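The chain contents come next:
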Amino acid sequence: MAEPTSTVRRRGRAPSVSAAGTGPRPTLKTIAEITGLAVTTVSRALNNAPELAAETRERVRRVADEIGYLPDRTALRLKTGRTHVISFILDPHDELLGFGQSMVSGLIAALRDTPYHLVITPNFRNVDPIEPVRYIIRNRMADGVIFSRIVPDDARVKLLLETGLPFVTHGRTALGVEHAFVDYDNEAFARLAVARLVRRGRRRLAILVPPEPLSFGLHLRSGFSAETTAARVSGRILDTPSLDDSTEAIARAVTAMLQAPDAPDGFVCSGDAAALAVMAGIADAGLRVGVDIDIVAKQTSPVLAQLRPQVDAIAEDIGLAGLQLGEALLKAIGGTPPEKLQILHRPDITQFDVDGPYPQRPRPFG
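Residues numbered from 1 in each chain as written. Predicted model: local features only at pLDDT ≥ 70, side-chain atom pairs only at ≥ 80, totals over all residues. Heavy atoms only, no water.

**A look at the overall build of the protein**
Across its full length, the protein holds 13 helices and 11 strands. Counting all 366 residues of the protein, 46% fall into the buried class. Restricting the contact set of the protein to residue pairs at least 6 apart, pairs at least 24 apart contribute 65%. (Helix = DSSP H or I, 4+ residues; strand = E, 2+ residues; numbered from the N terminus. Buried < 20%, exposed > 50% of the residue type's maximum accessible area, 1.4 Å probe, protein only. Contact = heavy atoms within 4.5 Å.)

Printed below as a string of structure tokens:
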């Protein structure tokens, strides 16, 4: 005869819960009965309370995983006013290979060993970018928001400042108000890329930029214009093709562009996909990268390092940005003022190194 449930629990074994979830839903009390700890201790352990021994926290988490415990987020929100959810609004970044994967990898690393979990909210090109933010605010879907593709006068930032919902942006506004952000210095990237091309003897340079007034696009324009003027070389800012065009369209446009007598002899590409498209266009024009034309590209994945001949690359670590965005949002939720949550990554011309140059960072590619 099977032992009574109470006997099973006294012996420190988990109650039977089917894989299909047809058994009783595990609760904090279930974990307490299995571990012999108080319910309050179990709750604090699951919330990673630092005053508890690491062994106790690990034992509670292990039991919770084994029995399939999931917190009742509705009850949690009623009790604490928090959802323990962070929303990442994922926009298309076609110019950067592996953007979403690397960003999510970093965010997950930031939320590990915390009570928070990540919800990805997609935003599509034909949808006003403010709509996902309104939806999250209206339905109280998250305790904080992370989003990218920032514009100087960003309506999402204004709305979140008005409502008081914590947020961190991947990029900077020009609103003149303090807000938390993690950004990459695209102006410095463009300057470094131009300087690199000029040292190789290139005098007719071109850069692909986004067509819409995104902050990073304005920074690219500013750095490129300033450095080409200072070096007294020709600089073309290409709106057509743009970074938002398909790789096929970029390749075709570059091939056509290279038929002109004043064709560029150096390209600045602020993304891996854009660089590959420009290289295809150069090859289709019967020219050779590194001989007839040089490229300096921003690199967010290891793809360009596998090409021969190799392309000069300036790395942007999206995985690190995701980690820091997550950490900053947790601090913002905890009340840290936004002026203390501002990080600007400085570019460094190097061949991309998957294990560096940043110490103690998540691997950016999964």
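**Regarding the sheet that holds strand S3 (residues 144–147)**
Read from one edge of the open sheet, six strands run S2-S1-S3-S4-S5-S11, paired in parallel fashion. At either margin of the open sheet sits one strand with a lone partner, and together these are strand S2 (117–122) and strand S11 (342–345). Across the sheet, the axes of successive neighbouring strands diverge by a mean angle of 15°, strand direction being ignored. Inspection of the sheet shows strand S4 (residues 167–170) paired to strand S5 (residues 181–184) by two bridges, in the parallel sense. (Pairing = 2+ DSSP bridges. Axes fitted to C-alpha atoms, helices over the stretch in contact; angles between N-to-C directions.)

**Topic: the pairing of S3**
Here S3 shows no split at all, with Gly 144 and Ile 146 on one side and Val 145 and Phe 147 on the other all buried. Pairing of strand S1 (residues 85–90) with S3 involves three bridges; the strand directions are parallel. Within S3, the position partnered with Phe 88 by the bridge is Ile 146. Pairing of S3 with S4 involves three bridges; the strand directions are parallel. Its bridge partner being in S4, Val 145 is matched across the sheet by Phe 167.

Fair warning: the whole summary comes from geometry, so function is off the table for now.
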